[in-house]
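Observations on the three-dimensional arrangement
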Amino acid sequence: MKCPVCDRETDGARTCPACGADLGALVALRELPAQLASEGAALVQDGRVLAGVERLTAATVLAPGEMAIRRTLVDALVVAGLDELAWNQLKTVLAADGADPAARRAAMKLRKRMRVRAAVDRLVRAFASYVT
Ligand SMILES: [Zn+2]
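Scope of this entry: the structure provided in the associated data block. It should be emphasised that the depicted structure is a prediction, and the values quoted were computed from it without experimental measurement.

Re the overall build of the chain
Along its length, the chain carries five helices and zero strands. Order of helices (α) and strands (β) in the chain, N terminus to C terminus: α-α-α-α-α. For 132 residues, the compact-globule formula gives about 14 Å, and the C-alpha radius of gyration of the chain, at 21 Å, lies well above that figure. If you line up the chain on its principal axes, its C-alpha atoms span 80 × 30 × 20 Å. Counting over 132 residues, the chain shows a buried share of 23%. A separation threshold of at least 6 residues defines the contact pool for the chain, and within that pool the share at least 24 residues apart is 31%.

Here it is, written out as structure tokens:
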């Protein structure tokens, strides 16, 4: 990161080594998406899936170009059963890199599950119309 005061490279230091400017807030802001993402992933692991999705969504909004974070959000949305939202995020990941193996695996898993859900829906509707 470059110091906004003197334009020198700071290597992530919280104080500019050249001019002594306090860069703490900037560094914290820059680290926030990664921090939110790791908190979110930990919450999902812990079974607090929606809280994790919340953190990961915030991280994705703050760092829209970070596909690793977005992929983690996709995984969390899949765990939460929010397939449509997962699919929307996954489309962005695949648009950035269509060959991303983790994204392709997630896409395959999602398609499979959405097909199963559609089949179950059809069965439930057929059964409902049969019993009524
Ligand atoms: Zn400086």
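Following the structure, the description resumes.
A short note on the environment of Glu 31
As for its placement among the helices and strands, Glu 31 is situated in helix H1 (residues 24-45). Along the primary structure Glu 31 and Gly 12 are separated by 19 residues, whereas in three dimensions their C-alpha atoms are 9.9 Å apart.

Some remarks on helix H4 (residues 83-96)
Between the first and last C-alpha of H4 there are 20 Å, a value that for 14 residues agrees with the 20 Å anticipated at 1.5 Å per step. Residues Ala 86, Gln 89, Leu 90 and Val 93 constitute the buried set of H4. Buried residues of H4, viewed axially, fall in a sector of 105°; they line one side. Opposite the buried face of H4, by more than 90 degrees, sit the exposed residues Glu 84, Asn 88 and Ala 95. In this fold, the buried residues of H4 make contact with helix H3 (67-80) and helix H5 (101-131).

Description of the packing of H1 against H3
Direction vectors running N to C along H1 and H3 enclose 25°, while the axes themselves pass 10 Å from each other. Comparing their axes, H3 and H1 come out roughly parallel. Considering how the two elements wind past one another, H1 and H3 form a crossing that is left-handed. The residues of H3 that touch H1, namely those facing Pro 33, Ala 37, Gly 40, Ala 41 and Val 44, are Ile 69, Thr 72, Ala 76 and Val 79. When the residues that make up the contact of H1 with H3 are grouped by side-chain class, the tally is seven nonpolar, two polar and no charged.

Observations regarding the packing of H4 against H5
Interaxial distance between H4 and H5 falls to 10 Å at its minimum, and their mutual angle equals 150°. Accordingly, the angle class assigned to the pair H4 and H5 is roughly antiparallel. The hand of the H4/H5 crossing is left-handed. Two secondary-structure elements touch here, H4 through Asp 83, Ala 86, Trp 87, Leu 90, Val 93 and Leu 94 and H5 through Ala 103, Ala 106, Ala 107, Leu 110, Arg 113 and Met 114. Taken together, the residues of the contact of H4 with H5 sort by class into 10 nonpolar, no polar and two charged.

A closer look at H3
Under the 1.5 Å per step criterion, the end-to-end length of H3 is 19 Å for 14 residues, consistent within 8% with the ideal 20 Å. For H3, a buried count of 11 out of 14 residues is recorded, marking the element as mostly surrounded by other parts of the structure. Regarding H3, the residues found buried are Met 67, Ile 69, Arg 70, Arg 71, Thr 72, Leu 73, Val 74, Asp 75, Ala 76, Leu 77 and Val 78. Gly 81 occupies a position one or two residues after H3 and carries a positive phi of about 80°.

Definitions and cut-offs
- Residues numbered from 1 in each chain as written.
- Predicted model: local features only at pLDDT ≥ 70, side-chain atom pairs only at ≥ 80, totals over all residues.
- Helix = DSSP H or I, 4+ residues; strand = E, 2+ residues; numbered from the N terminus.
- Rg over C-alpha atoms; globule rule 2.2 N^0.38 Å.
- Buried ≥ 20, exposed ≤ 12 C-beta atoms within 10 Å, placed from the backbone.
- Contact = placed C-beta atoms within 7 Å.
- Expected span 1.5 Å × (residues − 1).
- Arc of directions from axis to C-beta.
- Axes fitted to C-alpha atoms, helices over the stretch in contact; angles between N-to-C directions.
- Parallel < 35°, antiparallel > 145°, perpendicular 65-115°, else oblique.
- Left-handed = near helix turned anticlockwise from the far one by under 90°.
- Nonpolar A, V, L, I, M, F, W, Y, C, P; charged D, E, K, R; others polar.

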